[in-house]
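# Working through the structure, step by step
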Amino acid sequence: MTQEHTALTVALEQLKIAAEKLQLDPGIHAICNIGVFNGYRVQHWDVMGPFKGGLRYHPNVTLDEITALAMWMTWKCAVIGLPYGGAKGGIACNPKTMSKGELERLTRRYVSLIFEYLGPHRDVPAPDVYTDAQTMAWIMDTYSQLKGYSVPESVTGKPIEIGGSEGRVCATSLGVAFCAREAAKILNLKLKNATVAVQGYGNVGYNAASIMHNMGCKIIAVSDSTGGIYCSNGINPHDVRVHKTKTGSVINHKDCANITNEELLQTECDILIPAALENQIRKDNADKIKAKIVAEGANGPTTPEADKALYEKDVCLIPDILANSGGVTVSYFEWVQNLTREHWTLEEVNRKLETKIIKAFNDVQKLSKKEESDMRTAALMLGVGRVAHALKTLGLWP
Ligand code: NAD
């Protein structure tokens, strides 16, 4: 076989020739022309409670990535003190090139294939990169149809009208902002006019920029997968969102200079919020990070070598399993509301979220001081330690 062909390209070419000869109906040809999507659901540990974790749609999804994300969910739930184990799901696809109907069929097929492993007391999905409240509604409906009755507690991050929680959309970002605020207090850094750079302008990035802006910070740089923008006078996050909705990207915004994602990470600022994907702050660029605080909205944005370099530079890094735990916390609140058929107010949700995040932040901070370690090590010691203790208490059977 020549290099320009794979077995699949050969099979598709052969199908095309036969379809032309047969003058096959284009619809039937399209159905024969099977596209294969690889989907995963990894369940890491459930000693603390049912599995919980997001569902990601992205072309680069692999089993390796989903396994890491599932493991981080286990530690995250333990750090924040939720009765959940860690899981994660993903489908390797490009949602930007798919229609709403294709995304709905992909989601429903995925749920039907792993249906027996899901459920409110077994494994409860939630949104992640390129999935949203609509995706969760399809998951709830597919699960409920297969059960024969409505099961809103089977998924979180749903639209409010079908059992979603107030505050879920902004929860991850609000948690990031609470953590950044607590870290700023420790560093004696005033939030008023503190400069902030945000990488990623989706659910977590946009809402983090917006909340930090409302807290009095100056958002000087933001980016998405197409590149970034910088403005030393400050950017209005809402205006940038309107611009992104219109043009499909944050770049080329009036009064801002276009920058690369690499330049965004190296921006001179007080607070840096990575809110895109993994492996963004690495050995090769960690030395160039100028922020005083790095609050990880994304999962896994910093490699272990970069962690070490930032710690040596006295950068206060708030690790993902603490900083972005607001999302799973309000997902837990949504699940509790669904199980008890209650609906809490936004004030109640946000008050409970703040209490939990600040307690976890202080627990991690205290341990990092005691151990003379960075906050990631302390957070992991807390999370892994709690899971290991539960595992030991339960024992292994059979
Ligand atoms: P999203 O799909 O809403 O947004 C992702 C954003 O990242 C988009 O703006 C996209 O353009 C941008 N992006 C993609 N590749 C990029 C690149 N190479 N450089 C710069 N920007 C890039 O996803 P989200 O829900 O906001 O998730 C973002 C991160 O936060 C992920 O790591 C996710 O696991 C984590 N997270 C999300 C939640 C949640 O509740 N949604 C909770 C905890 C953690």
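Our subject is the structure listed above.
Rules of the game
Residues numbered from 1 in each chain as written. Predicted model: local features only at pLDDT ≥ 70, side-chain atom pairs only at ≥ 80, totals over all residues. Heavy atoms only, no water. Core = buried A, V, L, I, M, F, W, Y, C linked by side-chain atoms within 4.5 Å. Buried < 20%, exposed > 50% of the residue type's maximum accessible area, 1.4 Å probe, protein only. Helix = DSSP H or I, 4+ residues; strand = E, 2+ residues; numbered from the N terminus. Domains from an automatic or database assignment. Contact = heavy atoms within 4.5 Å. Salt bridge = Lys/Arg side-chain N within 4 Å of Asp/Glu carboxyl O. Expected span 1.5 Å × (residues − 1).

### Overview of the nonpolar core
In terms of nonpolar packing, the biggest core is built from 70 residues, with Met212, Ile271, Ile273, Ile318 and Leu322 touching the most fellow members. Sorting elements by how many residues they give to this core places helix α6 (residues 168-186) first, with 9 residues. The residue makeup of this core includes at least three contributed by each of domain 2 (39-151) and domain 3 (171-323). The residues contacting isoleucine 271, other than those within four sequence positions of it, are Ala180, Leu189, Leu191, Thr195, Val196, Ala197, Met212, Ala291 and Ile293.

### Things to note about the pattern of salt bridges
Scanning the model with the defined rule gives 23 salt bridges in all. In this structure, arginine 41 engages aspartate 123 in a salt bridge whose closest nitrogen and oxygen atoms are separated by 2.6 Å. Taken together, the residues arginine 41 in strand β1 (residues 39-45) and aspartate 123 in strand β4 (residues 123-127) connect sequence positions 82 residues apart. For the salt bridge of glutamate 296 with arginine 376, the shortest nitrogen-to-oxygen distance reads 2.9 Å. Within this pair, whereas glutamate 296 is found in the loop between β10 (293-295) and α10 (304-312), its partner arginine 376 is found in helix α14 (residues 375-394), the two being separated by 80 residues in sequence. Of the residues examined, glutamate 296 reaches a relative accessible area of 0% and is grouped as buried. We classify arginine 376 as buried; its relative accessible area is 13%.

### Observations concerning α14
Over its 20 residues, α14 extends 29 Å from the first C-alpha to the last, a length consistent with the 28 Å expected when each residue adds 1.5 Å. For α14, the complete set of buried residues consists of Met375, Arg376, Ala378, Ala379, Leu382, Gly383, Val387 and Ala390. Tucked inside the fold, the buried residues of α14 contact β1, α3 (63-80), α10, β11 (316-318), α11 (320-323) and α13 (346-371). Positive phi appears at glycine 395, one or two residues downstream of α14, with a value of about 80 degrees.

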